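# Inside the fold
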Amino acid sequence: MTRQTPATLTMLQELIASPSVSSTAEVLDQSNLEVINRLHGWLSDLGFECEVMMLPGEEGRKANLIATLGQGPGGLVLSGHTDTVPCNPELWQSDPFTLTERDNRFYGLGTCDMKGFFALAIEAARSFDATQFKQPLIILATADEESSMSGARALVEAGRPLARAAVIGEPTSLRPIRMHKGIMMEAVRIEGRSGHSSDPALGHNALDAMHGVLSELIGLRKELAQQYHNSDFSVSIPTLNLGCIHGGDNPNRICGRCELEFDLRPLPGMSLDGLRNMISERLHPLGAKYGVELKSYPLFLGVPPFETAKDSELVQMVEKLTGHSAQAVAFATEAPFLQALGMDTIVMGPGSIEQAHQPDEFLALDQIQPTIELLKTLIGRYCL
Ligand SMILES: [Zn+2]
């Protein structure tokens, strides 16, 4: 006997009331297990086979959930991340962890980005019976999308889940997205030697060497912009932003040490490793030229760019169903990781990215029923 799962509203309330902030700042970072356990309970009651995948090194704190209804080859993955960004409760009009309805909106941290999606996916799933399915429906819940994407990386490592198609319910106002840029955040550290400024021969100036680094990176930026272009993006070229620099201490000392951090947003078709090689090849000769030790390294593993072909089955299907042609967005998602598992992948979910990552995040009530209907149609197409 399967038990009744709670109403959509109750699920939304409980998901929002289960804090699951992920952050690269250790003091802010929280476990996502409360959300995973709730989803596990509801999905098991609906007859889903549930597997909790603890993240390596984070056992008992962070996990993915792979919940599968039905069997067979192919099938559909409905995917979301269980974590949220940190928030500033003092800037909110209502408690971010209490689902609050006003002005035809549900307010709360994670309503649109994106715990709310799980309640709607479960609502869509419960109108089906596993015995009807020829191909499985998989509800996938990941950890740490907002910080390291380590949940998605663990899935790629494990080679699971596998299905024919995957829809990631990030807030896109229900418009299909088939492309985004990647993200790299990199650093360059230069160790020179300090000395009295009156005689340059007394040291090796790290700031002089950094000037060489900056020229190389600006040169690389120009070359990449000439070489790569994709007019589907509002910023149609790959970008390289010089973000911060720290070095030296006093005008009358030769600068002994200097560090630079920059980000690079590659277009689909560009590889993160290829870019890293290109950067280190260009910067390497500067060490000898300036007599300094120079090292370039990633600040995090990076997110690859993502593109699903315009003529893919899933893209064609959702374009017809929504009446919107698939677009590109400026934010990064777990899509390249699910795609790496071999699934036809798009990003499409309720709520707007404009409300994400800020005080008074909300999900408009008029997004809810269309989302449930759209997901039901997709489940029907892929699983029946
Ligand atoms: Zn998100």
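An account of the accompanying structure is given in this report. These numbers come from a predicted model, not from an experiment. (Residues numbered from 1 in each chain as written. Predicted model: local features only at pLDDT ≥ 70, side-chain atom pairs only at ≥ 80, totals over all residues. Heavy atoms only, no water.)

On to the coordination of the zinc ion, then. Listed as protein donors to the zinc ion are His81 (NE2), Asp113 (OD), Glu170 (OE) and Glu170 (OE); their distances from the metal cover 1.8 to 2.8 Å. Around the zinc ion, the four donor atoms are arranged such that angles at the metal cover 51 to 144°; this shape is classified as irregular. Sequence spacing of the donors to the zinc ion: H-x31-D-x56-E. Of this pair, His81 sits in strand E3 (residues 76–81) while Glu170 is found in the loop between strand E7 (165–168) and strand E8 (177–180), placing the two residues 89 residues apart along the sequence. The residues His81 and Glu170 share a single accessibility class, namely buried. (Donors = N, O, S within 2.8 Å, 3.2 Å for Na, K, Ca; no water. Tetrahedral: all angles 85-135°; square planar, octahedral: opposite > 155°, others 65-115°. Helix = DSSP H or I, 4+ residues; strand = E, 2+ residues; numbered from the N terminus. Buried < 20%, exposed > 50% of the residue type's maximum accessible area, 1.4 Å probe, protein only.)

Attention now moves to the environment of Thr371. Positionally, Thr371 belongs in helix H9 (residues 368–383). Distance from Thr371 to Gly151, taken between C-alpha atoms, is 25 Å for residues 220 residues apart in sequence. Sequence-distant contacts of Thr371, that is, excluding residues within four places in its chain, are made with Leu120, Leu174 and Pro350. (Contact = heavy atoms within 4.5 Å.)

Of the two faces of strand E15 (residues 344–347), the one carrying Asp344 and Ile346 and the one carrying Thr345 and Val347 are both buried. With four bridges connecting them, E7 and E15 associate as parallel partners. Across the sheet, the residue bridging to Val167 is Ile346, located in E15. (Pairing = 2+ DSSP bridges.)

Taken in spatial order, the four strands line up as E10-E11-E9-E12 in an open sheet, and their pairing is antiparallel. Each edge of the sheet is formed by a strand with only one pairing partner; in this case those strands are strand E10 (239–247) and strand E12 (293–298). Taking the axes of each pair of neighbouring strands and ignoring which way they run, one obtains an average angle of 15° across the sheet. Across eight bridges, E10 lies against strand E11 (residues 257–265) in antiparallel orientation. Opposite His246, over in E11, you have Glu259 as the bridge partner. Lying over the sheet, helix H5 (residues 206–227) contacts strand E9 (184–191), E10, E11 and E12, oriented at roughly 10° with respect to E11. (Axes fitted to C-alpha atoms, helices over the stretch in contact; angles between N-to-C directions.)

Below, the discussion takes up the pattern of salt bridges. Scanning the model with the defined rule gives 22 salt bridges in all. Here Arg257 makes a salt bridge to Glu191, at a shortest N to O gap of 3.0 Å. Of this pair, Arg257 sits in strand E11 while Glu191 sits in strand E9, placing them 66 residues apart in sequence. Arg257 gets classed as partly exposed once you look at its relative accessible area, which sits at 40%. Each of Asp29, Glu58, Arg61, Lys62 and Asp144 takes part in salt bridges that share partners, so that together they form one network. (Salt bridge = Lys/Arg side-chain N within 4 Å of Asp/Glu carboxyl O.)

Taken as a whole, the largest pocket holds about 390 Å³ of empty space. Residue lining of the largest pocket: 20 residues in total, with Glu146, Met149, Ile183, Ala332 and His357 positioned closest to the centre. Broken down by class, the residue content of the lining of the largest pocket amounts to 12 nonpolar, three polar and five charged. (1 Å grid on protein atoms, 1.4 Å probe; cavity = no way out; pocket = protein on both sides within 12 Å on 5 of 7 lines; lining within 4 Å. Points joined across faces, edges and corners; volume = space filled by probe spheres on them. Nonpolar A, V, L, I, M, F, W, Y, C, P; charged D, E, K, R; others polar.)

Turning our attention to the sheet that holds strand E5 (residues 105–107). Spatially, three strands are ordered E4-E5-E16 in an open sheet, and the strand pairing comes out antiparallel. Edge positions in the open sheet fall to strand E4 (100–102) and strand E16 (362–364), since each of these has one partner strand only. Neighbour-to-neighbour, the strand axes of this sheet turn through a mean angle of 25°, independent of strand direction.

A word on the packing of helix H1 (residues 8–16) against helix H3 (residues 116–125). Running from amino to carboxyl end, H1 crosses H3 at an angle of 155°, the nearest separation of the two axes being 9 Å. Judged by the inter-axis angle, H1 sits roughly antiparallel to H3. For H1 against H3, the interelement crossing comes out right-handed. Between H1 and H3, the residues in contact are Thr8, Met11, Leu12 and Leu15 and Gly116, Phe118, Ala119, Leu120, Ile122 and Glu123, respectively. (Parallel < 35°, antiparallel > 145°, perpendicular 65-115°, else oblique. Left-handed = near helix turned anticlockwise from the far one by under 90°.)

Turning next to helix H4 (residues 150–158). Because an α-helix completes one turn every 3.6 residues, residues spaced three or four positions apart along the sequence face the same direction. Looking at H4, one finds that the buried residues are Gly151, Ala152, Arg153, Ala154 and Leu155. If you follow the buried residues of H4, they end up packed against strand E1 (49–54), strand E2 (63–69), strand E6 (137–142) and helix H8 (335–340). One or two steps after H4, the chain reaches Gly159, where phi turns positive at roughly 70°.

With that out of the way, let us pick up the nonpolar core. Grouped together as the largest cluster of nonpolar side chains are 52 residues, with contacts concentrated most on Leu39, Leu76, Leu78, Leu137 and Ile379. Residue contacts for Leu76: discarding those within four places in its chain leaves Pro136, Leu137, Ile138, Ala163, Ala165, Val167, Leu378, Ile379, Tyr382 and Cys383. Counting residues in each nonpolar core, the second largest holds 27 residues, with Met184, Val188, Ile279 and Val292 among its members. (Core = buried A, V, L, I, M, F, W, Y, C linked by side-chain atoms within 4.5 Å.)

Enumeration over the complete set of coordinates arrives at zero disulfides. Cys87 forms no disulfide, and the closest cysteine sulfur to it belongs to Cys112, at a distance of 13 Å. A relative accessible area of 2% means that Cys112 is categorised as buried. (Disulfide = S-S within 2.5 Å.)

In this section: the environment of His180. Here His180 lies in strand E8. Its relative accessible area of 0% is what places His180 among the buried residues. A sequence separation of 151 residues divides His180 from Phe331, and the C-alpha atoms of the two residues are 6.6 Å apart. Sequence-distant contacts of His180, defined by excluding residues within four places in its chain, comprise Phe233, Pro268, Pro304, Pro305, Phe306, Val329, Phe331, Ala332, Thr333, Ala335 and Pro336. There is a polar contact of 2.9 Å between the side chain of His180 and the side chain of Thr333. (Polar contact = N/O pair within 3.5 Å; in protein donor to acceptor, adjacent residues only side chain to side chain.)

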